[in-house]
Every structure is written in structure tokens, then in C-alpha cells.
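# A structural walkthrough
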Amino acid sequence: MNSEGQMEVSTVPADKKRGWYLSLMAPNTKGPTFCWLDPSRLYCNAQALADCVKDLLSPFNTDSIDLVAGIDAMGFILGASIATSLGKGFLAIRKAGHLCVATQKQNYSDYTKREKTLEVRLDVLKPGMRVLVVDQWIETGGTMKAAIQLIESLEATVVGVAAVAIENTEGGKWLKDNYTFSHCIPEELQGQIDGKYLNFFKSFQDGYCDKRVI
Ligand SMILES: O=P(O)(O)OC[C@H]1O[C@H](OP(=O)(O)OP(=O)(O)O)[C@H](O)[C@@H]1O
Ligand SMILES: Nc1ncnc2[nH]cnc12
């Protein structure tokens, strides 16, 4: 533990329980309105990143995957790590305005309830190409659904979806019902994830990890 009551970033426990690396996460707020459980700190621990990638790939070990697609922005980190681990290429699904080539666009809204647009380049996906779609987190599922729509509109096949967490929202459940999926959350922690608060945050020194009602 560091002075804030947080697990040291380089820690690797002797008994690596399923999802052990989630203890590296920090409570976070994204502005005053949105409550986040921020997984990005776990990527700084090599073993945590490797185990997270392994866990996310486990339902797909016997699937054939041609390409890994990652969603802008944090989905790029896990998506590219998964692609490298599989020895496959990586396709960036970008928020509007960043790709400077011909694209397919898909409007959507996410947990912010704002209208947004995702884009994918037109010169990579081919009919029948088998794509694993990766993001950091699925809350309402709006972002992942838009990425799926883009991939399927170009007649490629979505092999499945992977994210550190899939909340049990209507959209999260829809994704789980309709696609093969993987996430890193042990059964006993799913309720805490859905409530956007992990009990271990109580060990943090500052009041900034008080349970937030959103
Ligand atoms: O399930 P949803 O409600 O659609 O939300 C999930 C999305 O929200 C986050 O991205 P965000 O755009 O906030 O941040 P990022 O650009 O840092 O990845 C997350 O990484 C997903 O992409
Ligand atoms: N509650 C949440 N925690 C972390 N990342 C998120 N992305 C969207 N919602 C999130």
C-alpha cells in the first residue's frame, strides 16, 4: 500500500486471484457528473496487463480472429495489446474528426447522453473478416453497439466483444445476450461494478473515494 492507502502500482500478489489486478484501479470522477472506476492504472503493471489480456482472450481461445478493433480512446490500449498477443493486426475505431481518410460513420449516445459519432476507415474491413471488438469499459453499451454497427455495415463478422467491465445496464445485457463476450470482473464483484463503487476503496485515505450517487 502507498501513503494514500492504494495498492502500489508494481505489486504482484503471490496468490493471483481472478481479477487481482482490479485492486490497482482508483476511484475517479470524470467531471462532476460521471462516476468512473478507472482501470488505466492497471496497464502500468506488466503482469496486470498481461493477465487482463489473457482473461479477455479466454472465451476466444478456439475462435479464429482476423483482426482486433479497439475503440477510441482507452480501447486502443487493450485492443492493441490483445492484437499483439494474438499476432493479429489492430483497427482503430475513432471518434469523429480524427481519421483523415474515407470513412463509414455511426451516430450514437453513451453514458454522457450526448450525441457522438464513431468512424472506421473503408479500406480494411472485408466481408466475412472476423473481428474481435475491444473497449476499456461498457456502461450503457451505446459506444460498443455503434462500433458493432460500423463493422457489420461493412459485412465483417463480430466474433465477440471484450472490455474490462460490462455493467448490467440494458445495453450491457443486450450485448451479453447477443454476442460472445469477455470481461475481467469476478462474479462477486459485479454488483459493486454496477454500483460504480468497489468496497476496497474504503481503504483509501482521502475522502475522494466516498460513494458517489449519480
Ligand atoms: O457504454 P457507454 O455508455 O457507451 O460508455 C463506454 C465508453 O465510455 C468510455 O469512453 P470515453 O469516451 O468516456 O473515454 P475515452 O475517450 O477516454 O475512452 C469507455 O472507454 C467506453 O468507450
Ligand atoms: N463507470 C465507468 N467507469 C470506467 N469507465 C467508464 N466508461 C464509461 N463508464 C465508465
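Coordinates for the structure precede this section.
This section reports on the structure supplied with the text. Keep in mind the model is a prediction, meaning the values are calculated, not measured.

### Regarding the overall build of the chain
Within the chain, the secondary structure is distributed over 5 helices and 11 strands. For the chain, whose C-alpha radius of gyration is 17 Å, the value lies close to the compact-globule estimate of 17 Å for 214 residues. Taken along its principal axes, the extent of the C-alpha atoms in the chain is 50 × 35 × 30 Å. Looking at the chain as a whole, 48% of its 214 residues are labelled buried. Expressed as a percentage of contacts within the chain between residues at least 6 apart in sequence, the contacts between residues at least 24 apart total 63%. Of the accessible surface of the chain, which amounts to about 10,200 Å², a share of 51% is contributed by carbon and sulfur atoms. Of note, the chain has its 23 positive side-chain charges centred 2 Å away from the centre of its 25 negative side-chain charges.

### Digging into the site of ligand 2
In the vicinity of ligand 2, the contacting residues are Cys35, Trp36, Leu37, Tyr111, Trp137, Glu139, Glu167 and Lys196. Take Glu139: an N or O atom from its side chain is 2.4 Å from a nitrogen atom of ligand 2. A distance of 3.4 Å separates a nitrogen atom of ligand 2 from a polar side-chain atom of Glu167. No other element matches the 3 residues that strand S2 (residues 34-38) contributes to the shell around ligand 2.

### Some details on the side chain of Asp110
Of note, Asp110 is situated in the loop between strand S5 (103-109) and strand S6 (115-121). The buried category is assigned to Asp110, whose relative accessible area is 8%. Only 2.8 Å separates the side chain of Asp110 from the side chain of Lys116, close enough to count as a polar contact. Once residues lying within four places of it in the same chain are set aside, the contact partners of Asp110 are Lys116, Thr140 and Thr143.

### Some points on the site of ligand 1
In the vicinity of ligand 1 there are 16 residues, among which Lys95, Tyr111, Asp135, Thr140 and Thr143 approach most closely. Taking Ala73, its main chain carries an N or O atom lying 3.2 Å from an oxygen atom of ligand 1. The separation between an oxygen atom of ligand 1 and a polar main-chain atom of Gly141 is 2.8 Å. Elements with a contribution of two residues or more to the shell around ligand 1: strand S8 (137-138) and helix H3 (142-153). Each residue belonging to the shell around ligand 1 can be placed in one class, and the counts come to 6 nonpolar, 5 polar and 5 charged.

Criteria and cut-off values
Residues numbered from 1 in each chain as written. Chains lettered and ligands numbered in written order. Predicted model: local features only at pLDDT ≥ 70, side-chain atom pairs only at ≥ 80, totals over all residues. Heavy atoms only, no water. Helix = DSSP H or I, 4+ residues; strand = E, 2+ residues; numbered from the N terminus. Rg over C-alpha atoms; globule rule 2.2 N^0.38 Å. Buried < 20%, exposed > 50% of the residue type's maximum accessible area, 1.4 Å probe, protein only. Contact = heavy atoms within 4.5 Å. Areas by Shrake-Rupley, 256 points an atom, 1.4 Å probe, with all protein chains shown as cover. Lys, Arg positive; Asp, Glu negative; His and termini not counted. Charge placed at Lys NZ, Arg CZ, Asp CG, Glu CD. Near = heavy atom within 4 Å. Polar contact = N/O pair within 3.5 Å; in protein donor to acceptor, adjacent residues only side chain to side chain. Nonpolar A, V, L, I, M, F, W, Y, C, P; charged D, E, K, R; others polar.

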